Amino acid sequence: MQESPRLSPDLFGTVGLGVISQASGAISLGIGVVACGICTGLMMPALTAAMQAVVNRALHGRVSSVMNAGTSIGVVVAVPVVLTLESAWRTAYLSFAVIAGVGVLAAWRMLPSVSPVTPTDAAPAPPISRLQWARLLRLSLFAFAMGFVSAAYWIFAPDLVITLGELPADATGWLWFAVGLAGLGGAVAADLADRNNPPITHALMLMMLAASMALIAASPSNLLLAVFSALVFGLAYMSLTGLYLMTSIRLLPGRLSLGPVLPFLAVSLGQAVGSPVLGLLVEQMGYANAFSLFASISIVVAIISPLYPRQLEQEWDEEAIEDTGLQAAYDHQLQDEEGEPYRGVEIEEDIETAEEDRESEN
């Protein structure tokens, strides 16, 4: 049994939003932003642990995809608030803090306080090897780099189109709507990556990230192009976080909660570091050059994507080879006492039923 940090992520987010709404200077504003960033890093591991306790194992992959893409739904819902309270940002952040407080109560009431990570009839997880730690570190470095460059869009894209492009303030609402709408596609992109080649998909999505930043920096006064760049950014960002989730699960067989912790925290830390760095660059170089520099960094990371960690080499049965994607990553995490992939009683019954149907057809 493992304790599930069911309240800490929501509390960080609530406190962070409250601090931002009452910020009186750069320091207090920065504290609030850091708290919100830590919240995003802790949220997925906490939800993953809770999912293992309340969701059938046969649905873990699908539920994880929905949870990862759920951020996009929140971004879409936030658009009306941005449009309504464009000149009252303190009120807007305070309203988000109240909603986050409701989330704290919901987490306390609905999420379990403990999570049975390993079923009792599954073999204990093997010790984490040096190779696993090395690959997880590589994955976290890639996640940090992605968080670093994506901070440019998350934090400064709205100010870019208003300051440099001279668009009206309510235009930023359409940017976030586009980011959230395209981000929903990230729920399936990770599975598609697993069916093809994760390193190549990682490089492609980073190139899309760079293209979105270069496009909005080149045409900040064109609302249609700015919205298109937001669509590209939303799809690339959510696809990358989904890919990190899937890879981290595969890298640590038998440890369904530990895997996602480091890469998601790395993304948050990258955003926390990238935001002040870009702010300094904007003051010295201007928005266009600063965004172009961050886009160049994204391209460099894409070029070294062949170093993206692959899953550990292991023996897979025919079903494992045919069943790819995030669901397969969960299905083949645990092993039984005979060394075979543990799927649980209900999944085994479904497999037996499918085999009987196949035999009857023949």
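Since we're looking at a predicted model, the values are computed, not measured.

### Digging into the overall build of the chain
Working step 1: When helices and strands are counted, the chain shows 14 helices and two strands.
Working step 2: The burial tally for the chain puts 48% of its 362 residues in the buried class.
Working step 3: In the chain, the proportion of contacts linking residues at least 24 apart, taken out of those at least 6 apart, comes to 82%.
Working step 4: For the chain, the accessible surface area stands at approximately 17300 Å², while carbon and sulfur atoms represent 66% of it.

### What about the nonpolar core?
Working step 1: Counting residues in hydrophobic clusters, the biggest one holds 54 residues, and the most contacted among them are Leu-209, Ile-216, Tyr-244 and Phe-291.
Working step 2: Non-local contacts of Ile-216, meaning those with residues more than four positions away in its chain, are made with Tyr-153, Ala-157, Leu-160, Val-161, Leu-175, Ala-226, Ser-229 and Phe-291.

### A closer look at the environment of Ile-20
Working step 1: Within the secondary structure, Ile-20 sits in helix 1 (residues 8-21).
Working step 2: Here Ile-20 falls in the buried class, since its relative accessible area comes to 6%.
Working step 3: Considering only alpha carbons, one finds Ile-20 and Arg-90, 70 residues apart in sequence, at a separation of 7.5 Å.

### What about helix 9 (residues 223-251)?
Working step 1: In this model, helix 9 (29 residues) spans 42 Å end to end at C-alpha, consistent with the 42 Å of a helix rising 1.5 Å per residue.
Working step 2: With 22 of 29 residues buried, helix 9 lies mostly within the body of the structure.
Working step 3: One side-chain oxygen at the N-terminal end of helix 9 lies 3.1 Å from the backbone nitrogen of Leu-224; it belongs to Asn-222.

### Description of unusual backbone geometry
Working step 1: Positive phi, normally seen in glycine, also occurs at Glu-166, with a value near 60°.
Working step 2: Looking at where Glu-166 falls in the secondary structure, it is placed in the loop between helix 5 (130-163) and helix 6 (171-183).
Working step 3: Owing to a relative accessible area of 66%, Glu-166 belongs among the exposed residues under this scheme.

### Things to note about the environment of Ser-248
Working step 1: With respect to the helices, strands and loops of the structure, Ser-248 is situated in helix 9.
Working step 2: When its relative accessible area of 0% is taken as the criterion, Ser-248 is described as buried.
Working step 3: Along the primary structure Ser-248 and Gln-132 are separated by 116 residues, whereas in three dimensions their C-alpha atoms are 10.0 Å apart.
Working step 4: If sequence neighbours within four positions are ignored, Ser-248 has contacts with Leu-139, Gly-259, Pro-260 and Pro-263.
Working step 5: Side-chain polar atoms of Ser-248 contact the backbone oxygen of Leu-245, separated by 2.8 Å.

### Observations regarding a nonpolar patch on the surface
Working step 1: There is a patch of nonpolar side chains on the surface, built from Ile-73, Val-77, Trp-174, Phe-177, Leu-181, Leu-184, Leu-223, Phe-228 and Leu-231 and spanning about 800 Å² of accessible area.
Working step 2: Elements with a contribution of two residues or more to the nonpolar patch: helix 3 (60-84), helix 6 and helix 9.
Working step 3: Residue classification places Leu-231 among the partly exposed positions, given a relative accessible area of 31%.

Procedures and definitions
Residues numbered from 1 in each chain as written. Predicted model: local features only at pLDDT ≥ 70, side-chain atom pairs only at ≥ 80, totals over all residues. Heavy atoms only, no water. Helix = DSSP H or I, 4+ residues; strand = E, 2+ residues; numbered from the N terminus. Buried < 20%, exposed > 50% of the residue type's maximum accessible area, 1.4 Å probe, protein only. Contact = heavy atoms within 4.5 Å. Areas by Shrake-Rupley, 256 points an atom, 1.4 Å probe, with all protein chains shown as cover. Core = buried A, V, L, I, M, F, W, Y, C linked by side-chain atoms within 4.5 Å. Expected span 1.5 Å × (residues − 1). Polar contact = N/O pair within 3.5 Å; in protein donor to acceptor, adjacent residues only side chain to side chain. Patch = residues over 30% accessible without salt bridge, like charges linked within 9 Å, V, L, I, M, F, W, Y side chains within 5 Å. Salt bridge = Lys/Arg side-chain N within 4 Å of Asp/Glu carboxyl O.

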